Amino acid sequence: MKEYLGARLAQLVEHRLDVTRVVGSIPTTRTVITLGIETSCDETALSLIETREHEGHFECRVINSLVHSQAELHSAYGGVYPSLAKREHGKNLVPLLKKLLSEISQAPSYTKASEDKDAHTASELSTVLETFKSELSKTNPDLWQSLQGASFLSYVPNIDMIAVTEGPGLEPTLWVGINFARILGTIWNIPVVPVNHMEGHVVGSLLKSDLPYGTWQCLSEPALPALSFLISGGHTELVQVNNIGGNDQGRYEILGQTKDDAVGEAFDKVARLLGLPYPGGPHVSKLAHEAYEAGIVSPVKLPRPMIASDDLNFSFAGLKTAVLYAVQKATAKNEFTDEYKKGLAYEFEQAVAETLETKLRKAILETDAKSLIIGGGVSANHLLRKRFQAITVEYGIELFLPSLHISGDNALMIALAGALDHTKSGPTDVRPLVAHGNKRLS
Ligand code: KG4
Ligand code: ZN
């Protein structure tokens, strides 16, 4: 193994291999360990999962999953500041990987490949890094800098493949994760599989993630066609899901989407108008709940945008503007009190819930969906979770909701989506590693 790795590195340097595509082979006879990398927005996240196919079912267990949120840093700007997010990912990835690996070194569910670990010498490691130097030191100086002290990278851990988010998201931040994945894939000589972030949200909701780390679980198999409702800071999408896993075209059909702001973005903008911190969704929801508890009546009636339209599209920009006008009017009349804010937050949340619910019902009927999969950060909203539960009971279909700690961005869902696709489609079809800010499900 050691000699093989040395030869591979020599080959790399001599021929300047195409490292935009890192293709290796993964074992088919045993379990597969996947490292997930997520940097599409303001969460730097890494995870390690183990998967296997057992009697026709896809099984997995979580070995470790870490999320480093930058939300507090961005809060000062009222939203994600892309160049700051890029810099932070560059600084965070290496220490986070170190933590991920050190935390699991004692885990019974993760045994090292062999007692005497395969290792590169310091000079072999620096030779590989050298091949990335001219590019990375300019495009990702922070990542480049932190890689310099990362001697632990010379040990080849028991990881079979890497799954990294390719999009959608902020292109500069996506590139940081992709470049990190390329370097690790090259050093460790394992394949790197690009993953669609939204597909991550879909499959993440199929995990029973409340099980303790290390416990094997069978990934839920939703009845098909399933309807997926993806509600996040960047998306509001109704998607028909015809297949889970693999990468055949037509697995996903986008039925409707937002024409302007995403629902999470609307929550964030309304939070800002109400003087609440970023990310605003949980804060607006908390105020709305306080209004409900205190029996505060909304001071205004807000629109339910596009509920009468024939299609399955959404628009939240007008709703946000209606909140802005209400705030301006109340401020001018000196009525913008805490009570007013609570009432307005309540009415806003109701308007969102009714709008989402109307389109969701329409989509369930149009697609004759057999199950509903909710994904994306807004799925943490308590009111919406209750509404989704009621609707699926009413239509007699199964509901898959992400558990609260993985409703936001995480790398568990990315590793899972990558492992699932790669297991079903094989390593022959690994796409080039390129960031796609507007990547769509297809
Ligand atoms: O999926 P996610 O973590 O990141 C994106 O891919 O966009 O979603 C983040 C969004 C933010 O807009 C945040 O305000 C919203 O999810 N969010 C919520 C709640 N928790 C998070 N929105 C409403 N209610 C919540 N409880
Ligand atoms: Zn997301």
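For the structure itself, look to the data block above.
A brief look at the structure comes next. What you see is a predicted model; the values in this text were computed from it and never measured.

## Quick notes on the sheet that holds strand 5 (residues 192-196)
One open sheet accounts for 6 strands, arranged 5-4-1-2-3-6; its pairing is mixed. Two strands lie at the open edges of the sheet, namely strand 5 and strand 6 (217-218), each paired on one side alone. Along the sheet, helix 6 (residues 171-188) contacts strand 1 (32-38), strand 4 (161-167) and strand 5; its crossing angle with strand 4, the most-contacted strand, is approximately 160 degrees. On top of the sheet, helix 7 (residues 197-204) reaches strand 1, strand 4 and strand 5; it is set at about 80 degrees to strand 5, its chief contact.

## A look at the side chain of Ser 379
Relative to the helices and strands, Ser 379 resides in the loop between strand 10 (371-375) and helix 12 (382-395). Residue classification places Ser 379 among the buried residues on the basis of a relative accessible area of 0%. Not counting chain neighbours up to four residues away, the residues in contact with Ser 379 comprise Ile 231, Ile 374, Arg 385, Pro 402 and Ser 407.

## Some points on the environment of Tyr 278
Relative to the helices and strands, Tyr 278 is located in the loop between helix 8 (263-273) and helix 9 (281-294). Separated by 204 residues in the primary sequence, Tyr 278 and His 74 have C-alpha atoms spaced 7.4 Å apart. Not counting residues within four places of it along the chain, the set of residues in contact with Tyr 278 comprises Asp 42, Ala 71, His 74, Ser 75, Gly 78, Gly 79, Val 80 and Asp 268. Within the structure, the side chain of Tyr 278 is placed 3.1 Å from the side chain of Asp 42, a separation counted as a polar contact.

## Looking at the packing of helix 10 (residues 317-332) against helix 11 (residues 338-367)
Look at helix 10 against helix 11: their axes get within 11 Å of each other, and the N-to-C directions meet at 165 degrees. The angle between helix 10 and helix 11 falls in the class roughly antiparallel. Between helix 10 and helix 11 lies a crossing whose hand is right-handed. Together, Leu 319, Val 323, Ala 326, Val 327 and Ala 330 of helix 10 and Tyr 340, Leu 344, Phe 348, Ala 351 and Val 352 of helix 11 make up the contact between the two elements. Looking at the contact of helix 10 with helix 11, its residues break down into 10 nonpolar, no polar and no charged.

## Comments concerning the coordination of the zinc ion (ligand 2)
At the metal site, the zinc ion (ligand 2) is ligated by His 197 (NE2), His 201 (NE2) and Asp 409 (OD), and these contacts range over 2.1 to 2.2 Å. Between consecutive donor residues of the zinc ion (ligand 2), the sequence gaps follow H-x3-H-x207-D. Placement of the pair is His 201 in helix 7 and Asp 409 in the loop between strand 11 (398-400) and helix 13 (412-425), with a sequence separation of 208 residues. With respect to class, His 201 is no different from Asp 409; both count as buried.

## Structural notes on the packing of aromatic side chains
Tallied over the full model, the rule gives 6 aromatic pairs. Judged by centre distance (6.1 Å) and plane angle (65 degrees), the ring pair of Phe 229 and Phe 388 falls under edge-to-face. With a gap of 159 residues between them, Phe 229 in strand 7 (residues 226-231) and Phe 388 in helix 12 connect regions that are remote in the sequence. Each member of the pair Phe 229 and Phe 388 is classed as buried. Considering the side-chain rings of Phe 336 and Tyr 340, the 6.0 Å spacing of their centres and the 70 degrees angle between planes classify their relative orientation as edge-to-face. Grouping aromatic residues by their ring pairs yields a cluster made of Phe 229, Phe 314, Phe 316 and Phe 388.

## Quick word on the environment of Gly 408
Looking at the secondary structure, you find Gly 408 in the loop between strand 11 and helix 13. Linking Gly 408 and Gly 233, residues 175 residues apart in sequence, is a C-alpha distance of 9.6 Å. Ignoring sequence-local partners within four residues, the contact set of Gly 408 consists of His 201 and Gly 377.

Rules and cut-offs
- Residues numbered from 1 in each chain as written.
- Chains lettered and ligands numbered in written order.
- Predicted model: local features only at pLDDT ≥ 70, side-chain atom pairs only at ≥ 80, totals over all residues.
- Heavy atoms only, no water.
- Pairing = 2+ DSSP bridges.
- Helix = DSSP H or I, 4+ residues; strand = E, 2+ residues; numbered from the N terminus.
- Contact = heavy atoms within 4.5 Å.
- Axes fitted to C-alpha atoms, helices over the stretch in contact; angles between N-to-C directions.
- Buried < 20%, exposed > 50% of the residue type's maximum accessible area, 1.4 Å probe, protein only.
- Polar contact = N/O pair within 3.5 Å; in protein donor to acceptor, adjacent residues only side chain to side chain.
- Parallel < 35°, antiparallel > 145°, perpendicular 65-115°, else oblique.
- Left-handed = near helix turned anticlockwise from the far one by under 90°.
- Nonpolar A, V, L, I, M, F, W, Y, C, P; charged D, E, K, R; others polar.
- Donors = N, O, S within 2.8 Å, 3.2 Å for Na, K, Ca; no water.
- Phe/Tyr/Trp six-rings, centres within 6.5 Å; stacked < 30°, edge-to-face > 60°.

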